[in-house]
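# Descriptive structure summary
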Amino acid sequence: MNDKSTPGELRADDFAQYGWTHGRLRLPTEGNDWQQFAASWNELVPDAYLGSARCRRNRRYGRVLAHRDGILEPLRGSEFFQTKMVNRAFGDQLRVFEPLTDTVLANTQFTRILSETVALVNEVAGKRDWELGIHFIRVIADAQGASEPAPEGRHSDGHAYVAIHLIGRHQCGGGENQLFRRRESRARYTVTMTEPLETLLLSDTTMEHSVSEIRSEDPHAPGWRDTMIVDFNTVLDLAGVAGRTHTSLP
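What you see is a predicted model; the values in this text were computed from it and never measured.

Rules used in this analysis
Residues numbered from 1 in each chain as written. Predicted model: local features only at pLDDT ≥ 70, side-chain atom pairs only at ≥ 80, totals over all residues. Heavy atoms only, no water. Helix = DSSP H or I, 4+ residues; strand = E, 2+ residues; numbered from the N terminus. Rg over C-alpha atoms; globule rule 2.2 N^0.38 Å. Buried < 20%, exposed > 50% of the residue type's maximum accessible area, 1.4 Å probe, protein only. Contact = heavy atoms within 4.5 Å. Core = buried A, V, L, I, M, F, W, Y, C linked by side-chain atoms within 4.5 Å. Disulfide = S-S within 2.5 Å. Pairing = 2+ DSSP bridges. Phe/Tyr/Trp six-rings, centres within 6.5 Å; stacked < 30°, edge-to-face > 60°. Lys NZ or Arg CZ within 6 Å of the ring centre and 35° of its normal. Axes fitted to C-alpha atoms, helices over the stretch in contact; angles between N-to-C directions. Lys, Arg positive; Asp, Glu negative; His and termini not counted. Salt bridge = Lys/Arg side-chain N within 4 Å of Asp/Glu carboxyl O. Polar contact = N/O pair within 3.5 Å; in protein donor to acceptor, adjacent residues only side chain to side chain.

### Regarding the overall build of the protein chain
- On a plain count of helices and strands, the protein chain comes out with four helices and 15 strands.
- For a compact globule of 250 residues, the expected C-alpha radius of gyration is about 18 Å, and the protein chain comes in at 17 Å, within 12% of that figure.
- Counting across all 250 residues of the protein chain, residues that qualify as buried make up 51%.
- The contacts of the protein chain with a sequence gap of at least 6 include a subset with a gap of at least 24, amounting to 77%.

### With respect to the nonpolar core
- Core analysis: the largest hydrophobic core is formed by 35 residues, its most contacted members being Phe 110, Leu 114, Trp 130, Leu 132, Ile 134, Phe 136 and Met 228.
- Breaking this core down by element, the ones donating at least two residues are helix H1 (12-18), helix H2 (31-39), strand S3 (56-66), helix H4 (108-125), strand S7 (130-141), strand S8 (161-170) and strand S15 (223-234).
- The leading source of residues in this core is H4, at seven residues.
- Cys 55, Val 162, Val 191 and Ile 229 belong to the second largest nonpolar core, which has 19 residues in total.

### Focus on the state of the cysteines
- Inspection of the entire model under this criterion finds zero disulfides.
- Summary of cysteine pairing: Cys 55 is not part of a disulfide, and the nearest cysteine sulfur, belonging to Cys 172, is at 13 Å.

### Section: the pairing of strand S13 (residues 207-211)
- The buried fraction of S13 is high, at five of five residues.
- Note: strand S10 (residues 176-181) against S13, five bridges, orientation antiparallel. Note that in S13 the partner of Phe 180 across the bridge is Glu 208.

### Some points on the packing of aromatic side chains
- Under the defined criterion, the tally for this structure stands at twelve aromatic pairs.
- Between Phe 15 and Tyr 161, the ring centres sit 5.5 Å apart and the planes meet at 65°, which makes this aromatic pair edge-to-face. In this pair, Phe 15 is assigned in helix H1 and Tyr 161 in strand S8, connecting sequence segments 146 residues apart.
- Under the relative-accessibility criterion, Phe 15 is labelled buried at 3%.
- For Tyr 161, a relative accessible area of 15% puts it in the buried group.
- Here the aromatic cluster, defined as three or more aromatic residues joined through ring pairs, consists of Trp 34, Phe 37, Trp 41, Phe 110 and Phe 136.
- Above the face of the Phe 97 ring, Arg 59 is positioned so that its terminal group lies 4.1 Å from the ring centre.
- Across the ring face of Phe 180, the terminal group of Arg 154 is positioned such that the distance to the ring centre comes to 4.1 Å.

### Notes on the sheet that holds S13
- Spatial strand order, S11-S10-S13: three strands in an open sheet with antiparallel pairing. Both outer strands of the open sheet, strand S11 (189-192) and S13, are each paired with one neighbouring strand and no more. Each adjacent strand pair in this sheet contributes to an overall mean axis angle of 20°, direction not counted.

### Here's the deal with the pairing of strand S1 (residues 20-24)
- Burial analysis of S1 places five of its five residues in the buried class, the great majority of the element.
- Of the two faces of S1, the one lined by Trp 20, His 22 and Arg 24 and the one lined by Thr 21 and Gly 23 are each fully buried.
- Judged from the five bridges that link them, S1 and strand S12 (residues 198-203) form a sheet pairing that is antiparallel. Pairing of Arg 24 across the sheet is with Glu 198, part of S12.

### Section: the side chain of Arg 225
- Its location among the elements puts Arg 225 in strand S15.
- Salt bridges are absent for the buried Arg 225, whose nearest opposite-charge side chain, Asp 226, sits at 8.8 Å.
- A polar atom in the side chain of Arg 225 sits 3.1 Å from the side chain of Asn 177.

### Examining the environment of Thr 103
- Inspection of the secondary structure puts Thr 103 in helix H3 (residues 102-105).
- Each C-alpha atom, one on Thr 103 and one on Ser 40, is 8.3 Å from the other, the two residues being 63 residues apart in sequence.

### Notes on the pattern of salt bridges
- Within the structure shown, the criterion is met by eleven salt bridges.
- For Asp 47, the salt bridge identified is with Arg 59, shortest N-O distance 3.2 Å. Within this pair, whereas Asp 47 is found in the loop between strand S2 (45-46) and S3, its partner Arg 59 is found in strand S3, the two being separated by twelve residues in sequence.
- A residue is classified by how much of its surface remains accessible, and Asp 47, at 8% relative accessible area, is buried.
- Where Arg 244 meets Glu 73, a salt bridge forms, and the shortest distance between an N and an O atom there is 2.7 Å.

Written as structure tokens, this is what we have:
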């Protein structure tokens, strides 16, 4: 199934029935808060773990504890680990990324995006505590070649749910997302997201996803695609969550 139309609302009933939903968060993408938030992608740093992978990618990473009562607690630490079984390209290594900046953590647009995403997941999964892993990623292409947003190819990420939020695109083509049910060869859903806060939300236990390469549309300048990816991990014991700050996002 392909979707080239204007994205509608993210629907919990679609999410529950199919294992994914595509739409747009109904939040403003204008004004000072949004401009400051989107500009933070200019402060990302090169991903030091890519090596020879055909990808130029800047990123930062942070963690937030989403309490079942709606409080969002920032967590210390920016370590990220996946097994080789989950991530063929970068698995079995502890990756430590540069953390999200204090300016991002103080931005109310950031808080609203997380709150809206958590609320939608909770409609399907039920209210619970979640540890969120939050990736700010800019994939860059230029005249020297295209860039692969996901060098590992078709994959799942080893979480309960994953949200992929588009923040913006600049002079780039490509970036087509495909969703697959596990052990199926045919894509169930295909879309190229183009609007700020256009979102794919999927069950990471039943679905796999991929994204095509990014190509610069200007032979004399780079193009890029900015995304915010939110991983949902179930928390069974709050006392076991590392890096607790006992504070809250605004």
